[in-house]
Amino acid sequence: MTQVLEALRPYLLPAARVVIAFLGLSLIAAAMIWIERKVLAHLQVRLGPMRVGPHGLLQPIADVVKLLLKEDIVPAGADRFIFLYAPVISVVAAFTPFALVPFASNDIAPDVNVGILLLIGISSLGIFGIILGGWASNSHYPLLGALRSTAQLVSYEVALGFAIVSVLLLSNTLSLRGIVEKQAELGIWFVFLQPVAFFILFVASLAETNRNPFDLPEAESELVAGFHTEYSGFRFSLFFMAEYTAMALASCVATMLFLGGWQRPFASIRALDFLDFGLPLLIFGLATVWFVKEIFHAVSPTHRAVLVVFAGLAAGLTGSLFVPGVMEAIGGVFWFLLKVFAFLFVFIWFRGTFPRYRFDQLMRLGWHFMIPVAIANVIFCALGLILAQRPGWNLEGGVWAGNAATLLVAILLAGRRRYERVV
């Protein structure tokens, strides 16, 4: 038995990380449904889910149970095999890239020397689930949604790729861990050196994940529900899980490439070291106080019991911060997830703020503006790095000169489009 354990030891920790990542992402996907409904409700001066549990906290569990119990219908004329397994392709393509994501400096995620290339390659396979699901449904609306999704992916994947190239020019590596460490070495996040690339990557991520204002593949006013119109029950929920997981992945990529990954904001400023302990304590402490306050306003014993559980979890997290070594172990993960959830909030905020594009506007934005600006940004970033090597120039000055030239190109392109509309 001892020999078996010794032989399995190299595989136990990676296996545990995979299980924890899968369960964590599944919980995040379920929680994001509740968070999105509550945030959108408050943006529209509503209450949102309030029935299942206090403040609707148990709504994700009710949604999961409902979807598991619903009948799994396959249309009579559908290609049964492809129809059944298309959602699985989207889920696998959304979850697999997280094996490469380093959530902290002490994370055991493999440091692949072409990590960002492999991550983008795997995540791009998710489109096959949408295409095959729409085609296999043997219905007009899902097929149109699948075709829209394909055109949208092709249009914005190019701009996203060029935005990533700008980061690679600054970091001189394709390793995800190397990109984060390069930002720590320079003492500045790449979002401050390449704000145009950050903007392009963020907009392209919205389009890649089919989120507002780019949710044309599932536009209910035109296509009923788009590519998943014919899906029901558990397989319908798989598409939703893939979408929210893809949102989390896009947020992780933006965090690693532009926001310093697991680093604290302004980590080089010693005067802000109190944030390493102070901000986690503030967040978990306020959560504990809020749950305890709500216990006294619970409308039923069930609600009170749920609030006691959540208050206990929040109090446990708060108390664990005082245990020696805990902050050193989880500090990187805390900052990484804080940035990721900030991105996810912006995804939801955009859904409640911006109207949906027409499809011709979507294509025009991608091909006539985003891609030319992204190409110009790569060219001027490279020229800025060359300029930074000359006497009297530094990295920030050279790169910002390139940013200024890129912004000039963007202004000229936007002005040209406005002139064409007038004419």
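Refer to the structure printed above.
Quantities reported herein were computed from a predicted structural model and do not represent experimental measurements. (Residues numbered from 1 in each chain as written. Predicted model: local features only at pLDDT ≥ 70, side-chain atom pairs only at ≥ 80, totals over all residues. Heavy atoms only, no water.)

(A) Examining helix H9 (residues 195-208) more closely. In this model H9 runs 20 Å from its N-terminal to its C-terminal C-alpha over 14 residues, within 8% of the 20 Å that 1.5 Å per residue would give. In terms of burial, H9 is a largely internal element, 10 of the 14 residues being buried. Along H9, the positions that sit buried rather than exposed are Val196, Ala197, Ile200, Leu201, Phe202, Val203, Ala204, Ser205, Leu206 and Ala207. Just past H9, the residue asparagine 210 takes up positive phi, approximately 60°. (Helix = DSSP H or I, 4+ residues; strand = E, 2+ residues; numbered from the N terminus. Expected span 1.5 Å × (residues − 1). Buried < 20%, exposed > 50% of the residue type's maximum accessible area, 1.4 Å probe, protein only.)

(B) Inspection of the environment of phenylalanine 199 at higher detail. Tracing the sequence through the fold places phenylalanine 199 in helix H9. Overall, the relative accessible area of 47% leaves phenylalanine 199 in the partly exposed class. Taking the C-alpha atoms as reference points, phenylalanine 199 and alanine 374, 175 residues apart in sequence, are found 9.9 Å from one another.

(C) Looking closely at the packing of aromatic side chains. Counting across every chain of the model gives 23 aromatic pairs. Ring centres of phenylalanine 198 and phenylalanine 343 lie 5.9 Å apart, and the angle between their planes is 65°; on these two criteria the pair is classed as edge-to-face. Taken as a pair, phenylalanine 198 in helix H9 and phenylalanine 343 in helix H14 (residues 326-351) lie far apart in primary sequence, 145 residues in all. Relative accessible area serves as the criterion here: at 8%, phenylalanine 343 is assigned to the buried category. Between phenylalanine 284 and phenylalanine 334 the ring centres are 6.1 Å apart and the planes differ by 70°, which places this aromatic pair in the edge-to-face class. With phenylalanine 284 in helix H12 (residues 275-295) and phenylalanine 334 in helix H14, this residue pair connects regions lying 50 residues apart in the sequence. Of the two residues, phenylalanine 284 and phenylalanine 334, neither departs from the other in class, the shared state being buried. Through successive ring pairs, a cluster of aromatic residues spans Phe198, Phe202, Phe258, Phe343, Phe345, Phe347, Trp349, Phe350 and Phe354. (Phe/Tyr/Trp six-rings, centres within 6.5 Å; stacked < 30°, edge-to-face > 60°.)

Note that every value here comes from positions in space, so none of it alone points to a role or purpose.
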